[in-house]
Each structure stands twice: as structure tokens, then as C-alpha cells.
Amino acid sequence: MNLDAGSSPSLRRTLRFGEWLLLLMTILIYVLDEASTPELIVKCVAFSTLFFCLSFILPLDRPLWQRRAYIALEVGLTGIAVASGIEFSFVLYLLLIKTCFLLSRREVILTNIMGGVVWLASFAWLYPSLIQRKLPEFDSVTLQSNLYITLLHALLYYVSASIFVVLLGFVIVAERESRQQAEALSQEVEVLGAKLERLRIAREIHDSLGHTLTSLGVQLEVAQKLRDRDLVKSFHSVDNAALLASQCLQDVRQLVQTMRWQSGFNLNEALREQVEQLRQQGIVIYVDLSLPALSLQSSYQLYCVLKEGLINIQKHAKAAHVTLRGVVDSDAIVVTLQDDGQGFDLEQPLTGCGLPGMQERVELLGGTLKISTSSLVGTQIKILIPYDSSARR
């Protein structure tokens, strides 16, 4: 149950100031008590000074044997102080609180028992001399009988008070440990959040800029190769490169807009603009889009998924016809992207980040992504996303 002192500077101060206050009150009580003798006052000041010095070396971060030695020393000093006529039982209860921070629960209970034995033994040692000094008419039989009754009362008082103090200490320790665990979990969440944010940014860059920049480089490379042989085709490649550069700029704006949580992103319009770029490549595309208004993040995630699918068709499918449909069916959004290309083998390991990125984005939306493909009918990508038409966005 030991707590790291490096993480508990306030604990040291709280225990120290509390102990100082109790010691000061004890000294004042003995000084102001008319029945106190100079000898008792000196003893009180001497023991208070010892406990004051020990309060500076609370061994929260020390080895176990040093913590045990510290507890044993304070228990012994308390017993000696009580046997010397100084009422220092409060120090014993404060020591039980310290023990809760320094030792295990089992050792706290053992310390409680040991402290009670020491305190009662010291009290029994001191009691006869106190009674004979104050009430000299008591005989030995009466004194002995009265001692037993007093010790029984003292035992009941100590048991009840020490149980309360120990339980209070356990509660304080449990609360501090829970707070430290919460702080550790909070730090882990921050680290995980930063990692997820890096992955998200990497995915955004890959999906929104990666393919477009690759295509831009290809078009510029074609233009370079054809500039001395076929200027018409070379200029056509340059025109395509200009369109791709414009698309890159648009993608950056959309990405920044999404990261800043700005409004104004129209999913249907953004998809139609993406479709127009494929039509310029000679692919026949049929579009039937009636997607509802979604949150900015949801719209952009779905846009990136479909854009990745359209770019994959352009680069790999060798398709002549493409169909893109998006509707609301009951309580779900259903989006289908179908091509008549050459398909691919789903059993083969994936070399890129496209399909895994699509799957991750759909899962972020709480939906499912299904892919069916063959060399005879092409590829179909079907996306199902839960949708509550009554929810306010």
C-alpha cells in the first residue's frame, strides 16, 4: 500500500502540519494546566521535539525495512511517553494513519495490535503511581480492581478509535490510488489519442492526396516523354495534370475544412465532382445519389471511402461502365459502387492501404463494408451505415 512520495508532496505536508498542530496543542495544554509540574512540561516538550523531528523523515519512498523501523520507533516513543506520564495517545492514532501509507494492510492491522499493547502496557505501568499520588487513601485491593476497570475502558476506547482511524486511512489510501490510476489512464488515453490522430492524418493524406499526386506525376511524366513526338497528346497530358493539381488543392481545402470542423461540405456534390473526373477518362458512369444530410465528419469519411473506390476503378479495374447508387433504406444508408471490370482476388494479400483504409473508415461510422468480385462480373462494393432519420444533426 506504499505510495510513491514523488507523486505525493501534498501528503507529506498534510501529515506533517497535522502532527505539528497536535503537538503544539499538547504542549499548550500541559503549560496551561495548573496541575502540570515543571518536570511534566519538560518531558512534554522533549517528546514533542522528537516527534517534530521525525515528522520530517516520513519514509514514503524508502525501502520496506526503513518504513517498518520508522513505525516501530514511533510506537516505542509513544509507549515511553505514556509511561512517563505524558498523554500522547493521539500520536499513536496519527501513526496508524501513517502506517496505512507505509505498509500493507496486514502490517497495518499488526501495527494496530502492537500499538494497543504498548499503549495499554504503558498506561498500566503509569496508572498505579498516578492514582496513589492523587488518591493516597486507595488500598492495594481497591487500586487493583480500579485498574482492571480502567484498563477495560481504555481497551474499548482504543479498539473503537483505532478501528475508525484505520478504516479512515484505508479509505484515504484507496482514494489516492484511484486518483493515481485515473491519472495514469488519462495519460494513456492522451498517448493513444495522439497515435490515433497521427493514423487518421496519415489516412487522410493517403486517401485525399496520395492517389491524386501519383496520377499527377504520371501525367507529367507522359507529357515529358511525348513533348518531342506528339505535342497534341503531350498538351492533353498537361491539361489532365492541371486538373489533377486543381483536385489536389480542393482535397487539401476539404481536409483542412474537416479538421477545423467547418460546415458547408456537400457529400452529394463532392461525389458528383469526383465522378466527373472519371468521365473525362472515358469511363461511363451512372449516378443515382440521394444521400441525406450527415454530420461533417460522417460525410467526409463516406466521401473518402467512395473516392478511394472510384480511384481504384480508374487505376486497376479496366472497367467501361460504373454505377454509383446511394439511398436511405429504412434505418440505414445503403451505398453501392459497381463496375464491370476485371475484378481481383480477395484471397491474395493486399499490398496497399486503400481497402484497409476504406474498411476502417466504414467501421468508424458504425457500418459494414462488403466486397464481391470476379473476373466475369467485375467488382461490387456495398456499404451499410446506420441512420436515424429523426436525429438532429
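Right above here is the structure, for reference.
Only a predicted model underlies this, so the values are computations on that prediction, with no experimental measurement involved.

*Asks:* Run through helix α8 (residues 267-279), naming residues and quoting values.
*Replies:* Here α8 is 13 residues long and its end C-alpha atoms lie 19 Å apart, about the 18 Å a rise of 1.5 Å per residue gives. Between a side-chain oxygen at the N-terminus of α8 and the backbone nitrogen of Asn268 the separation is 3.1 Å; the capping residue is Asn266.

*Asks:* Report on the nonpolar core, specifying residues and quantitative values.
*Replies:* Ranked by size, the top nonpolar core spans 41 residues in total, and within it Leu15, Ile71, Ile86, Phe88, Phe101, Leu102 and Trp119 carry the most contacts. Among the secondary structure elements, those contributing two or more residues to this core are α1 (9-32), α2 (38-54), α3 (64-83), α4 (89-102), α5 (105-134) and α6 (140-226). Per-element accounting of this core gives the leading share, eleven residues, to α4. Leave out the neighbours within four places in its chain, and Phe88 touches Leu23, Thr26, Cys44, Phe47, Ser48, Phe51, Thr78, Ala81 and Val82. Judged by nonpolar contacts, the second largest core, of 33 residues, contains Ile285, Ala317, Leu324 and Met358.

*Asks:* Which residues make up unusual backbone geometry, and what are the values?
*Replies:* The backbone of Lys318 shows a phi angle near 55 degrees, a positive value even though the residue is not glycine. By the element assignment, Lys318 lies in the loop between α9 (296-317) and β2 (321-329).

*Asks:* Go over the packing of α8 against α9, please, and point to the residues and values.
*Replies:* In the contact formed by α8 and α9, the axes pass within 10 Å of each other and the chain directions differ by 10 degrees. Judged by the angle between their axes, α8 and α9 are roughly parallel. Contacts between α8 and α9 involve Leu267, Ala270, Leu271, Gln274, Val275 and Leu278 on the former and, on the latter, Ser299, Leu302, Tyr303, Leu306, Lys307, Leu310, Ile311 and Gln314. For the contact of α8 with α9, the residue count by class is ten nonpolar, three polar and one charged.

What counts and how
- Residues numbered from 1 in each chain as written.
- Predicted model: local features only at pLDDT ≥ 70, side-chain atom pairs only at ≥ 80, totals over all residues.
- Heavy atoms only, no water.
- Helix = DSSP H or I, 4+ residues; strand = E, 2+ residues; numbered from the N terminus.
- Expected span 1.5 Å × (residues − 1).
- Polar contact = N/O pair within 3.5 Å; in protein donor to acceptor, adjacent residues only side chain to side chain.
- Core = buried A, V, L, I, M, F, W, Y, C linked by side-chain atoms within 4.5 Å.
- Buried < 20%, exposed > 50% of the residue type's maximum accessible area, 1.4 Å probe, protein only.
- Contact = heavy atoms within 4.5 Å.
- Axes fitted to C-alpha atoms, helices over the stretch in contact; angles between N-to-C directions.
- Parallel < 35°, antiparallel > 145°, perpendicular 65-115°, else oblique.
- Nonpolar A, V, L, I, M, F, W, Y, C, P; charged D, E, K, R; others polar.

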